[in-house]
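Below, each chain spelled out in residue letters.
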Amino acid sequence: MYARMQRNASPWASRAPGGSSTDAPAGLLQYATQVLDALEFQNSAFHMECKHNPETGDICLVEVGARTHGGSGDWISIADEAVGLNQVVANVDVSVSAEAFDALPNEPPAALRASGRIKALLFHEAGILQDVNVGAITSLASYRGHAVYAKLDSAVAPTKDLFGWGGAVKLANADAEQLVKDYAVIEALCHSGLWTIE
C-alpha cells in the first residue's frame, strides 16, 4: 500500500511509505475478490490498483492487470523478506504444482515478517548530474539494494513523475521504526547530499 505525495509541484512524483497489506481498509480484500470474479480472472497473478476515500470508506477500482506487479521485479526480494513469498513464485506454482498453489494463503498474513518499501530517488533541481553519493544510502540498516537510472554527465530536472526518478532503493527491516527512519534519511538526501548537480 502507498499514498501519493506531491513533490516539485506534481502530485505524481513520489509515493509515501504506506501501511502494509494488513493495514488495508475494511472491505478491500472482499472488493478485490469481487472484481476478479466479475472479470473471471481465476488462476494467475494479478496487479490491482484501487483508490480509497478514508472519509467515506469508498473503494474505487483504478486498474487490474493479469500480471504480477511491475517495477522490473525490484519488489520480489522485499516481498520475500516481508511476507515469505511473492507473486512470481506463486504464479509459477499455479502452472506447475497444484500442491504448492493449494498451500498458498487466501489472505495476507496477519503480521508481516518485516516492513518493506521501494524508495524513489527524486531530483529537486535541474542541471548536469556530476556524481551520486550512493555510500550515504548503502550504509543504512534497512538497505537491501539500489539502482541509479540517471547517467553521469546527463541533464536532469526536478522529478514530476516516475519517468523522472533518478533511481530507486530497496528497503526492508524487521524493525518498522528503523525502516521509516531510513526512508526519511533517503528523502532528505535527495534534497541535499545524494546528488551533485551543476
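Procedures and definitions
Residues numbered from 1 in each chain as written. Predicted model: local features only at pLDDT ≥ 70, side-chain atom pairs only at ≥ 80, totals over all residues. Heavy atoms only, no water. Helix = DSSP H or I, 4+ residues; strand = E, 2+ residues; numbered from the N terminus. Buried < 20%, exposed > 50% of the residue type's maximum accessible area, 1.4 Å probe, protein only. Contact = heavy atoms within 4.5 Å. Pairing = 2+ DSSP bridges. Patch = residues over 30% accessible without salt bridge, like charges linked within 9 Å, V, L, I, M, F, W, Y side chains within 5 Å. Areas by Shrake-Rupley, 256 points an atom, 1.4 Å probe, with all protein chains shown as cover. Salt bridge = Lys/Arg side-chain N within 4 Å of Asp/Glu carboxyl O. Core = buried A, V, L, I, M, F, W, Y, C linked by side-chain atoms within 4.5 Å. Axes fitted to C-alpha atoms, helices over the stretch in contact; angles between N-to-C directions. Polar contact = N/O pair within 3.5 Å; in protein donor to acceptor, adjacent residues only side chain to side chain.

### Regarding the overall build of the protein
Part 1: When you go through the protein residue by residue, the secondary structure sums to six helices and ten strands.
Part 2: Across the 198 residues that make up the protein, the buried fraction comes to 30%.
Part 3: In the protein, the share of contacts with a sequence separation of at least 24, taken over all contacts with a separation of at least 6, comes to 64%.

### Some remarks on the sheet that holds strand β10 (residues 195–197)
Part 1: In spatial order, the strands read β8-β6-β10; together these three strands make up an open sheet with antiparallel pairing. Of all strands in the sheet, those with a lone pairing partner are β8 (155–156) and β10, marking the two edges.
Part 2: In terms of strand pairing, strand β6 (residues 127–132) meets β10 through three bridges, oriented antiparallel. Residue pairing for β10: Asp131 is matched across the bridge by Thr196.

### Topic: a nonpolar patch on the surface
Part 1: On the surface, Val88, Val92 and Val96 cluster together to form a nonpolar patch covering roughly 250 Å² of accessible area.
Part 2: Secondary-structure assignment places Val88 in helix α3 (residues 87–96).
Part 3: What makes Val88 partly exposed here is its relative accessible area of 33%.

### Quick notes on the nonpolar core
Part 1: By size, the foremost hydrophobic cluster in this structure holds 18 residues, and its most contacted members are Leu121, Phe123, Leu129, Ile137, Ile186, Leu194 and Trp195.
Part 2: At the level of elements, β6, β9 (167–173), α6 (176–191) and β10 are the ones that each hand at least two residues to this core.
Part 3: When residues of this core are assigned to their parent elements, the largest contribution, five residues, is made by α6.

### Let's talk about the pattern of salt bridges
Part 1: The tally for this structure, following the rule as stated, stands at two salt bridges.
Part 2: Between Glu187 and Lys119 there is a salt bridge; the shortest N-O distance is 2.8 Å. Of this pair, Glu187 sits in helix α6 while Lys119 sits in strand β5 (residues 115–121), placing them 68 residues apart in sequence.
Part 3: Judged by its relative accessible area of 0%, Lys119 is buried.

### Details of the side chain of Ser142
Part 1: When you line up the elements, Ser142 lands in the loop between α5 (135–138) and β7 (143–148).
Part 2: Contacts of Ser142, omitting those with residues within four sequence positions, involve Lys170, Leu171, Ala172, Asn173, Gln178, Leu179 and Asp182.

### Some words on the environment of Lys181
Part 1: Its place among the elements puts Lys181 in helix α6.
Part 2: Residue classification places Lys181 among the exposed residues on the basis of a relative accessible area of 52%.
Part 3: C-alpha separation for the pair Lys181 and Ala141, spaced 40 residues apart in sequence, amounts to 9.7 Å.

### Some points on the sheet that holds β5
Part 1: Here we have three strands laid out as an open sheet, ordered β5-β9-β7, and antiparallel in their pairing. In this open sheet, the two strands that pair with only one neighbour each are β5 and β7. Between one strand axis and the next, the sheet turns by 10° as a mean value, whatever way the strands run.
Part 2: Contacting β5, β7 and β9, helix α2 (residues 76–83) crosses the sheet at an angle of about 15° to β9.

### Examining the side chain of Thr159
Part 1: Mapped onto the elements of the fold, Thr159 is located in the loop between β8 and β9.
Part 2: Given a relative accessible area of 1%, Thr159 falls into the buried group.
Part 3: In terms of polar contacts, Thr159 uses its side chain to reach the backbone carbonyl oxygen of Gly164, at 3.0 Å.

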